[in-house]
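One-letter residues, chain by chain:
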Amino acid sequence: ILGSAVVEALGRIRGTEYSISDIAELTLRLEQEMRTGGGWEDQMGALVPGVKILRSRPGKVQKIGWTRLSPAAEKAFVRYLADHALLYFTGQKRMARNILRKVLAFYAENPHDFAKILVASLKANAERCAEAMKCGNMRSFADAVNSYWRDKRLLDPGSTNERVDAIVEAIAPWASAVTLCGAGGGGFMYILAKSPADAGRIRRFLEANPPSPHSRFYTFDIDRRGMTVECLPCV
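Residues numbered from 1 in each chain as written. Predicted model: local features only at pLDDT ≥ 70, side-chain atom pairs only at ≥ 80, totals over all residues. Heavy atoms only, no water.

**Q** Where do I start with the overall build of the protein chain in this structure?
**A** Broken down by element type, the protein chain carries nine helices and six strands. What you see for the protein chain is a C-alpha radius of gyration of 19 Å, in line with the 18 Å of a compact globule of 235 residues. Considered along the principal axes of its C-alpha atoms, the protein chain spans approximately 55 × 50 × 40 Å. Taking all 235 residues of the protein chain together, the buried fraction comes to 37%. Summing over all exposed atoms, the protein chain offers an accessible surface of approximately 14,300 Å²; the carbon and sulfur share of this is 56%. Between the centroid of the 33 positive side chains of the protein chain and the centroid of its 25 negative side chains there is a distance of 1 Å. (Helix = DSSP H or I, 4+ residues; strand = E, 2+ residues; numbered from the N terminus. Rg over C-alpha atoms; globule rule 2.2 N^0.38 Å. Buried < 20%, exposed > 50% of the residue type's maximum accessible area, 1.4 Å probe, protein only. Areas by Shrake-Rupley, 256 points an atom, 1.4 Å probe, with all protein chains shown as cover. Lys, Arg positive; Asp, Glu negative; His and termini not counted. Charge placed at Lys NZ, Arg CZ, Asp CG, Glu CD.)

Structure, rendered in structure tokens:
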């Protein structure tokens with residue numbers, strides 16, 4: 001996301017107005033030059049506003065399409081998140097590129113087509129999430145998130161660790177779904193509580209029993225503006 005902001009700022013300095021697709025592609029090239037691996041999902045998540053699903057087809061050149069929820073469905077989903085969702089930093093830092101390299105190596109070997117089956121399932125779960133949000137079926141949404149987390153761990157066991165597993169086990173009575181953001185392996189945990197009251201129980205439990213001195217909850221919201229450029233006056 002920071003790379004996208006830099007690309008957009010440099011484009012404005014040059015007098016070039018990049019499209020969303022241009023920025024996504026240039027950010028991908030930037031990450032590859034930095035040898036961090038990279039993809040397009042993070043920058044597209046920031047560039048395109050609101051709650052949406054992103055899609056692409058196989059190939060070296062990626063053309064990303066997206067479908068955003070209707071205003072009514074988006075409003076209902078944001079309200080659901082406000083009551084049920086928690087974002088928790090596990091205190092476990094990791095390098096996403098190390099996980100990505102393992103996944104790519106496993107996918108290249110593709111034993112018994114297992115890797116392709118898992119990737120297809122990950123995509124199907126994303127589509128299930130999108131359909132559930134569209135219809136307002138939050139039970140189906142939680143089931144899809146859980147399935148996604150299961151498949152991510154099967155694709156690479158390094159997506160989780162003992163600390164993360166301990167947190168998931170401890171809050172299981174009150175959570176309907178849990179997954180790690182991004183590549184996994186630590187970092188931020190996305191939690192869906194069974195009810196608003198259970199969200200409070202999870203918060204109180206983890207605040208009283210933090211797995212790390214660095215662990216804590218973060219507030220979050222859905223960005224409905226996307227990337228915007230503001231020119232500040234010279235001083």
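**Q** What am I meant to see in the packing of helix H8 (residues 162-171) against helix H9 (residues 196-208) here?
**A** The axes of two packed helices give the description: the angle between them and the distance between them. Orientation of H8 relative to H9, taken along the N-to-C sense of each, is 135 degrees, at an axis distance of 10 Å. Here H8 is positioned oblique relative to H9, judged by the angle of their axes. In the packing of H8 onto H9, the handedness of the crossing is right-handed. Listed contacts from H9 to Ile167, Ala170 and Ile171 of H8 are Ile202, Phe205 and Leu206. Class assignment for the residues of the contact of H8 with H9 results in six nonpolar, no polar and no charged. (Axes fitted to C-alpha atoms, helices over the stretch in contact; angles between N-to-C directions. Parallel < 35°, antiparallel > 145°, perpendicular 65-115°, else oblique. Left-handed = near helix turned anticlockwise from the far one by under 90°. Contact = heavy atoms within 4.5 Å. Nonpolar A, V, L, I, M, F, W, Y, C, P; charged D, E, K, R; others polar.)

**Q** Help me understand a nonpolar patch on the surface in this model?
**A** Together, Leu2, Val6, Leu10 and Ile13 make up an exposed nonpolar region whose accessible area comes to about 440 Å². Along the polypeptide, valine 6 turns up in helix H1 (residues 2-14). (Patch = residues over 30% accessible without salt bridge, like charges linked within 9 Å, V, L, I, M, F, W, Y side chains within 5 Å. Salt bridge = Lys/Arg side-chain N within 4 Å of Asp/Glu carboxyl O.)

**Q** Quick question: what am I supposed to make of the sheet that holds strand E4 (residues 175-180) here?
**A** The four strands lie next to each other as E4-E5-E3-E6, forming an open sheet whose pairing is antiparallel. The open sheet has two edge strands, E4 and strand E6 (216-218), and neither has a second partner. Averaged over all pairs of adjacent strands, the angle between strand axes in this sheet comes to 30 degrees, irrespective of strand direction. By the bridge criterion, five bridges tie strand E3 (residues 85-89) to strand E5 (residues 188-193) in an arrangement that is antiparallel. If you follow leucine 86 over to E5, its bridge partner there is isoleucine 191. Across the sheet, helix H4 (residues 71-84) is in contact with E3 and E5; its angle to E5 comes to roughly 100 degrees. On the sheet, helix H7 (residues 138-155) packs against E4 and E5 and is oriented at approximately 40 degrees with respect to E4. (Pairing = 2+ DSSP bridges.)

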